[in-house]
Amino acid sequence: MSPELEELYQEVILDHSRRPRNFGDLPDATVRVHGDNPSCGDEIHLGVKFGASGELQDIKFSGHGCAISQASASLMTTKLKGKSRAEVMETFRAFHNLVTDEVAEAPKMLGDLRLMQGVRKFPQRVKCAMLAWRAVEQALQQTTGESTISTETDLGSS
Ligand code: ZN
């Protein structure tokens, strides 16, 4: 990463971790997923409201954790709000590749999320970055109710 990009990365991550977007409880959530990343101590509570055609009409998160986990969740919610299920899955796969594949090009569709690319050098940080995404993946699978996931073991529905 160039020094300029490194600096931008720091700025965006810090901004989103200090002032997370779409932060709080979603009272009329269709699905709630509680995510846990024990290796770092990150926790997320994700609420998703699906629209009439299954799109992510609204999405909010709360919880606490390191700057990477909070920034990733915040960036994710701004990116996924209003998207169809297919678009959400496409973005999920693109982001997963971005943070795990050493040689992947960062696709333009990811926007600011491309700045998370730096975590691929740090396997422990990948779990932080993926926590919110694992939660949203679970939310799509269950479509209703409440469940718990973990980056260590996938506990599935509870
Ligand atoms: Zn973390």
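Being a predicted model, the structure only gives us computed values, none of them experimental.

**Describing the nonpolar core**
Proteins that are soluble and globular tend to have nonpolar side chains buried together. In terms of nonpolar packing, the biggest core is built from 42 residues, with Leu 56, Ile 68 and Phe 95 touching the most fellow members. Counting residues per element, the ones that place at least two in this core are α1 (3–18), β1 (31–37), β2 (42–50), β3 (56–64), α2 (67–80), α3 (85–100) and α4 (123–142). For this core, the leading source of residues is α4, giving eleven residues. Dropping the residues within four chain positions of it, Ile 68 is found in contact with Tyr 9, Ile 13, Met 116, Val 119, Arg 125, Cys 128 and Ala 129.

**Quick word on the packing of α3 against α4**
At a minimum axis separation of 11 Å, α3 and α4 run at an interaxial angle of 160°. Judged by the angle between their axes, α3 and α4 are roughly antiparallel. For the pair α3 and α4, the sense of crossing is left-handed. Residues Arg 85, Val 88, Met 89, Thr 91, Phe 92, Phe 95, His 96, Val 99 and Thr 100 of α3 form the contact with α4, whose participating residues are Val 126, Ala 129, Met 130, Trp 133, Arg 134, Val 136, Glu 137 and Leu 140. Looking at the contact of α3 with α4 residue by residue, the classes come out as eleven nonpolar, three polar and three charged.

**Focus: the environment of Gly 63**
In this structure, Gly 63 sits in strand β3. For the pair Gly 63 and Gly 24, spaced 39 residues apart in sequence, the C-alpha to C-alpha distance is 8.6 Å. Once residues within four sequence positions are removed from consideration, Gly 63 is found in contact with Phe 23, Glu 43, Ile 44, His 45 and Gln 70.

**Considerations on the environment of Ser 53**
With respect to the helices, strands and loops of the structure, Ser 53 is situated in the loop between β2 and β3. Taking the relative accessible area as the measure of exposure, Ser 53 reaches 66% and is therefore exposed. Between the C-alpha atoms of Ser 53 and Ser 84, which are 31 residues apart in sequence, the distance is 8.0 Å. A distance of 2.8 Å separates a polar atom in the side chain of Ser 53 from a polar atom in the side chain of Glu 55.

**Some details on the coordination of the zinc ion**
Of the protein atoms, only Cys 40 (SG), Asp 42 (OD), Asp 42 (OD), Cys 66 (SG) and Cys 128 (SG) coordinate the zinc ion, at distances of 2.1 to 2.7 Å. Sequence positions of the residues that donate to the zinc ion give the spacing C-x1-D-x23-C-x61-C. Relative accessible area serves as the criterion here: at 32%, Cys 40 is assigned to the partly exposed category.

Conventions we followed
Residues numbered from 1 in each chain as written. Predicted model: local features only at pLDDT ≥ 70, side-chain atom pairs only at ≥ 80, totals over all residues. Heavy atoms only, no water. Core = buried A, V, L, I, M, F, W, Y, C linked by side-chain atoms within 4.5 Å. Buried < 20%, exposed > 50% of the residue type's maximum accessible area, 1.4 Å probe, protein only. Helix = DSSP H or I, 4+ residues; strand = E, 2+ residues; numbered from the N terminus. Contact = heavy atoms within 4.5 Å. Axes fitted to C-alpha atoms, helices over the stretch in contact; angles between N-to-C directions. Parallel < 35°, antiparallel > 145°, perpendicular 65-115°, else oblique. Left-handed = near helix turned anticlockwise from the far one by under 90°. Nonpolar A, V, L, I, M, F, W, Y, C, P; charged D, E, K, R; others polar. Polar contact = N/O pair within 3.5 Å; in protein donor to acceptor, adjacent residues only side chain to side chain. Donors = N, O, S within 2.8 Å, 3.2 Å for Na, K, Ca; no water.

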